[in-house]
Amino acid sequence: MSRAPSITGFLLAVLLTGMPALQAAEITQQPLPLFDLAAPSFTSYTIHDGLPASVMTGVVVDRAGFVLASSASSIVRYDGSHWELDTPYASNGTLPTLTLRHDGSLWAAFRDTGIARFDGTRWQPQADFPSRFARRLVETVRVDGGYDFWGLTTDQGLFKFDGKTWHKVSGSAQLPRDLLNIAVTHSLFGQSRIWVGCGSAGLWYREGDGPWQRFSAPGFEGSQIEDLLVTHDQSREQLWISAFGSGLWRLEDSGLRNWTLQGGELPSNSIYSLARSEVGDGESVIWVASRAGLLRIFKDQVQVFDRSNGLVSDVVRDLRIWNSPDGVQILWLATEGGMARAIADVRPWSTASLLGARSTGVFAVLVEPHAGGERLWAGAQQDGLGLYENRQWRHFGIADGLPTNTVRMIRRIADGDGGFSVWIGLSGGGLARVFDGPRFQTAPVPWPQVTEQSVLDLVAAEFEGIHDIWVATRANGLYRLRQGQWQAIAPPDAPAQWRSTALLHQVDAQGRRWIWATSSLGLLRFDGRKMEVVLGPDVLHKLNLLGISLFEDEGESVLWIGSGNGLVRVNSTDPLHPRLLDDDLPAAPDPVVYDATRDSAGRIYLCTNNGVQLLKATAKGYSSRVFTRRDGLPHDECNTNARFIDVHDRYWTGTLGGLAVYDPSAEHEDRQPKPLRILDAWIGSRQVDADNIVMKPDERNLKIRFALLSWLHNDKSRFRTQLIGDELEPGSWSAANERSFNHLPPGSYTLRIEAMDYADNASTPMNVSIRVMPAWWQTGAARVALVLAAALLFYMILQWRNRAFTRQRRMLEEQVADRTRDLNQANTRLTELSLQDPLTGLSNRRKLHQVMQLGLESEPIRSWSLIFIDVDHFKDYNDRYGHPAGDEALRAVASAMLRCAPPHALLARYGGEEFACLIPGASRAEACDVAECMRVTMRNSQVTVPGSSVLTRLTISAGVAERVITESADFHKLLHEADKALYQAKNAGRDRVCVSDGSPILSKEGLR
């Protein structure tokens, strides 16, 4: 038994200065406000999804549920699966701004062609609008509940629509010409006001028919007013003002409030549009588009969401809140990287923190009662310790008394005197106690504090009336602190270094106490006197044991143990005789299962390397549901021992991308059928009216496209169709959202289209009528004529039988010749394919050797140059991003080679990540120039990781050799010399070109 030098003094300090005892029964805990804490989960769309440009400037949702987005010169439509440019909404104006009126009519203002109204099939220019330079169309609500429609221009001022004609607003000549936005307040300052934001002259207002006045107030510096938003908070009317360059302003009867970059509230003063959503019992949430991310203002506090939260771009140009038919508030964003969508309210899954996201994420989490409410602790790799309380995050690390910035464990345990204390386990083996402040006091410990060490778990237990603290470490197993003394606890024959990951304290039916531990030695059990291995590798075949939990069900005690090869369940009702249970659970989404946790409602969560699996007990076993990033997780891969279920049954989990929380009470059972819409119908290249499809006899290739306008998990929408009149039953469900017919016989048909969303809600089916007109020869008179013609034809056939047999024989002979020719062509093509690399399209190794041999036979004495290329660190790249990304990288290398190689060069994939370039007649210097071009081109290229917006860079190394070829052996020497030069380039640091004598070449960046 070993005793740390100052452990007694440390424990005395704990008793004298520790946090007050917290009796759980006496605490009325207010739950952590998840809306304040959580970040939205974004679904992003880019040019790869059909957008016409990366920079999108506006967005609106029309009455039918289609999302329309504008770029500098285009309007595109989102049909629930992808974005389309070639739609009736397409236009030719510049910088369109879209407005949806209360009656469902859609209008557009163009910077150079005036305004237009969409009539359901096309944009109709409004010729009576007096200006070609329209900035925005805005609808406001009057006191009597009616609506006013305004047109703002940048050259002729303000106009108003009376339902038929546009009129210039009286007195608007007083206004500056560059009008940007308009709003109307009714009770602010006790009377109705019209507010107008201008580009260079700030904010103006008018009361009734009085004169326009420029708004001024102490401290107000707004000039370029991008947007105005009227809200009501507890019956108080407020005017929000977005001023590009001076931040965000809120005007109310009590005064003016400003959020700015200089004041530390905003990440940028460059802000654009505003929108409002509601949360809880109607509290306002203000959303702000800015050049430094999406801003959310709730209870006057600002939260910033940007690319680190999954947003496609930090620059948000426009935003819109759309209330779906089932009441879900959908937030649409137009950004300079594409479009994005999120839910504006609380979701079941939320990202609580991005702590550790730049490293390997969150490894510790704790929600504890504090001051009548709750506070949240999170510990991460490299980012230290985070504490969330009073709607604010604070972060602690080395500067605050912790020996390291990597936290591996946070536990709240009983002190033994009726109170509780929080302990922090650290990378390197440190252990610290948390006191009020908070402040941290490091405990003296007996185990070596080295780089590979970590404190992974900690529990409190009583044996023989003595309060013990047990600690699991990464490199030196288990320790027990008893009455101020540390003792190493290990099973017999344990090695000097072994790992213990998790601890569990069990009290059996007889009141006897036990300690269970997962370890590198197997499952360990402590009975109060000795520690022993009860289930070792000979039984479990799973040495990599991770988390451990105890579930009590109907008098049975079962240990649920995570491992690197699935979940292990052990019946520990009788701890002296534990029994391994059958593996009859639903398959986990990944073999690595870190642990199992269960809430008060019986929901069991398994955290894995590929999402979180939720198990619910049923009469036949367990139902299974898997949550991943698409549900709101910041990352699919969990971390060790980083789980917590709070008293409100919220499930908190640390992942490689940060901390996530799942609130089952926020689950919304979606029973709302989504709108099914016909997109268009085409006969050949001619678009037709889908309500009345009539095909002429000579027309074929009918195509009908349809869409399900789902605002959640649209990628899971499914369709099926049935052509009534031709098909007896519907086809199978699939993601295909179109139906084509190549040739339909004359007659009348009905195409019945059905759709189902991700929650199996069936939409109202749609029927499309199709009529195919008969050809002249398909009429009754034509059929009589055909009978007579058939009799005549029979006679003619008898007469011409011999001639027909002759023609038939000739045709057969021609067919045999054609088949022979086709077979020869196919053989030629197969030969070509056998000499080509299918991934890159380059020649393969066999082709390279063949060309060398043919070159020797045709030109026996000639100088040849050969370049060997190898992709640097390709295995690491493959392991990090996956094989699809590796394939994309190899195609990028091939593309770089094609750009630089001379026309007569042979480019080949030699094998794996190695490539070759054979240049007949080239000198070594010429070949070096080609190789350097390939190297620089590749280094400057960006490679897209498939399935994401990640852009990566790769480098290559190259070796160059030259030789005069007189015999076959010279080619082998040339290959050997180029390969040797390649290895010299790799050994010299990669990303360089070396020649066969070992010399690097001089690049544009200097000598390497």
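If you're wondering where the values come from, they're calculated on a predicted model, not measured in any experiment.

Rules of the game
- Residues numbered from 1 in each chain as written.
- Predicted model: local features only at pLDDT ≥ 70, side-chain atom pairs only at ≥ 80, totals over all residues.
- Heavy atoms only, no water.
- Helix = DSSP H or I, 4+ residues; strand = E, 2+ residues; numbered from the N terminus.
- Buried < 20%, exposed > 50% of the residue type's maximum accessible area, 1.4 Å probe, protein only.
- Core = buried A, V, L, I, M, F, W, Y, C linked by side-chain atoms within 4.5 Å.
- Contact = heavy atoms within 4.5 Å.
- Salt bridge = Lys/Arg side-chain N within 4 Å of Asp/Glu carboxyl O.
- Disulfide = S-S within 2.5 Å.
- Arc of directions from axis to C-beta.
- Polar contact = N/O pair within 3.5 Å; in protein donor to acceptor, adjacent residues only side chain to side chain.
- Pairing = 2+ DSSP bridges.
- Axes fitted to C-alpha atoms, helices over the stretch in contact; angles between N-to-C directions.
- Expected span 1.5 Å × (residues − 1).
- Patch = residues over 30% accessible without salt bridge, like charges linked within 9 Å, V, L, I, M, F, W, Y side chains within 5 Å.
- Areas by Shrake-Rupley, 256 points an atom, 1.4 Å probe, with all protein chains shown as cover.
- Lys, Arg positive; Asp, Glu negative; His and termini not counted.
- Charge placed at Lys NZ, Arg CZ, Asp CG, Glu CD.

Student: Would you take a moment to explain the environment of D757 for this structure?
Tutor: Its place among the elements puts D757 in the loop between β63 (747-756) and β64 (766-772). Overall, D757 belongs to the buried group, its relative accessible area being 2%.

Student: I tried to follow the nonpolar core on my own but got confused; where do I start?
Tutor: The tendency in soluble globular proteins is for nonpolar side chains to be buried side by side. In this structure, I867, C917 and M934 are the most contacted members of the largest nonpolar core, which totals 36 residues. Those elements giving two or more residues to this core turn out to be β66 (862-871), α7 (874-881), α8 (883-900), β68 (914-920), α9 (924-939), β71 (956-965) and β72 (993-995). Residue contributions to this core peak at nine residues, all from α8. Apart from the residues lying within four places of it in its own chain, the contact partners of I867 are F915, A916, C917, I919, A927, V930, A931, A958, G959 and V960.

Student: Before we go on, may I ask you to explain the pattern of salt bridges in this structure?
Tutor: Side-chain pairing between opposite charges can occur once the charged atoms of the two side chains come close. Applying the stated rule across the entire model yields 54 salt bridges. The closest approach of N and O atoms between R650 and D663, which form a salt bridge, is 3.7 Å. Taken together, the residues span a long stretch of sequence, with R650 in the loop between β54 (638-645) and β55 (651-655) and D663 in the loop between β56 (658-662) and β57 (676-683) at a distance of 13 residues. D663 gets classed as buried once you look at its relative accessible area, which sits at 7%. Its salt-bridge partner being D757, residue K674 comes within 2.5 Å of it at the nearest N-O pair. You can see K674 sitting in the loop between β56 and β57 and its partner D757 sitting in the loop between β63 and β64, a full 83 residues away along the chain. Neither K674 nor D757 differs from the other in exposure class; each is buried.

Student: Whenever I open this one, the state of the cysteines confuses me. Can you help?
Tutor: Under the definition given, this model contains two disulfides. Note on cysteine connectivity: C607 is disulfide-linked to C638, with sulfurs 1.9 Å apart. Every disulfide takes its handedness from the sign of the S-S torsion; for C607 and C638 that torsion is -65°, giving left-handed. A residue pair is termed long-range when its members are at least 10 positions apart, and C607 in strand β51 (residues 604-608) and C638 in strand β54 qualify at 31 residues. The class of C607 is buried, set by a relative accessible area of 0%. C900 shares a disulfide with C933; S-S distance 2.2 Å. Since a negative S-S torsion denotes a left-handed disulfide, the C900-C933 link at about -70° is left-handed. Taken together, the residues C900 in helix α8 and C933 in helix α9 connect sequence positions 33 residues apart. When its relative accessible area of 12% is taken as the criterion, C900 is described as buried. If you count the bonded cysteines of the protein from the N-terminus, they pair up as 1-2, 3-4. Residue C994 stays outside any disulfide, its sulfur separated by 9.3 Å from that of C928, the closest cysteine.

Student: Got a minute to help me understand α7 in this structure?
Tutor: Owing to its 3.6 residues per turn, the α-helix brings residues three or four apart onto one side. Residues of α7 that are buried: F874, Y877 and N878. For α7, the buried positions fall inside an angular range of 100° around the axis, keeping them on one side. Exposed positions of α7 whose direction lies more than 90 degrees from the buried face are K875, D879 and R880. On its buried side, α7 packs onto β66, α8, β69 (943-944) and β70 (951-952). G882 sits one or two positions beyond α7 and adopts a positive phi of about 95°.

Student: Sorry if this is basic, but what is going on with unusual backbone geometry here?
Tutor: Of note, the amide linkage connecting G437 to P438 takes the cis form, showing an omega dihedral of -5°. Relative to the elements of secondary structure, P438 occurs in the loop between β36 (431-435) and β37 (439-442). The residue K299 is not glycine, and still its phi comes out positive at about 55°. Mapping K299 onto the fold places it in the loop between β24 (293-298) and β25 (301-305). Notably, A371 is not glycine yet its phi reads approximately 55°, a positive angle. Structurally, the position occupied by A371 is in the loop between β30 (362-370) and β31 (373-380). Note on A371: relative accessible area 79%, which makes it exposed.

Student: Looking at this structure, I do not really get the side chain of E368. What am I missing?
Tutor: Within the fold, E368 resides in strand β30. For E368, the side chain forms a polar contact with the side chain of R375, separated by 2.7 Å. For E368, the side chain forms a polar contact with the side chain of W377, separated by 2.8 Å. Leave out the neighbours within four places in its chain, and E368 touches G373, E374, R375, W377, R412 and V422.

Student: Could you clarify how one ought to interpret the sheet that holds strand β59 (residues 693-695) in this entry?
Tutor: Adjacent strands of a sheet form backbone hydrogen bonds with each other and so pair up, either parallel or antiparallel. Read from one edge to the other, the open sheet built from four strands follows the order β59-β64-β63-β61, with strand pairing classed as mixed. Edge strands, defined here as strands with exactly one partner in the open sheet, are β59 and β61 (718-724). Taken over all neighbouring pairs, the strand axes of this sheet differ in orientation by 20° on average, direction set aside. Bridge count between β61 and β63: seven bridges; the pairing is antiparallel. By the bridge assignment, R720 is partnered in β63 with E754.

Student: Before we go on, may I ask you to explain helix α10 (residues 968-987) in this structure?
Tutor: Across its 20 residues, α10 extends 29 Å between first and last C-alpha, which sits within 8% of the 28 Å expected from 1.5 Å per residue. If you check which residues of α10 are buried, you get D970, F971, L974, L975, E977, A978, A981, L982, A985 and K986. Within two residues after α10, G989 carries a phi angle of roughly 120°, on the positive side.

Student: I'm lost on the pairing of strand β33 (residues 392-396) in this one. Help?
Tutor: Looking down a regular strand, the side chains alternate between one sheet face and the other. Two strands pair when backbone bridges link them, and strand β32 (residues 384-389) and β33 are joined in this way by five bridges, in the antiparallel orientation. Bridging from a neighbouring strand, Y388 pairs with W393 of β33.

Student: How should I be thinking about the pairing of strand β53 (residues 621-627) in this particular structure?
Tutor: Pairing between strand β52 (residues 611-618) and β53: seven bridges, direction antiparallel. Paired with K616 across the two strands is S623, which belongs to β53. Linking two consecutive strands that pair antiparallel, namely β52 and β53, is a turn of two residues.

Student: What's the story with the environment of S748 in this structure? I'm lost.
Tutor: Along the polypeptide, S748 turns up in strand β63. Residue classification places S748 among the exposed residues on the basis of a relative accessible area of 57%. For the pair formed by S748 and M773, sequence separation is 25 residues and the distance between their alpha carbons is 8.7 Å. If we skip the residues at most four places from it in the chain, S748 touches I770 and R771.

Student: Would you take a moment to explain a positive patch on the surface for this structure?
Tutor: A cluster of basic residues, R803, R807, R809 and R810, forms a positive patch on the protein surface. Tracing the sequence through the fold places R803 in helix α5 (residues 801-834).

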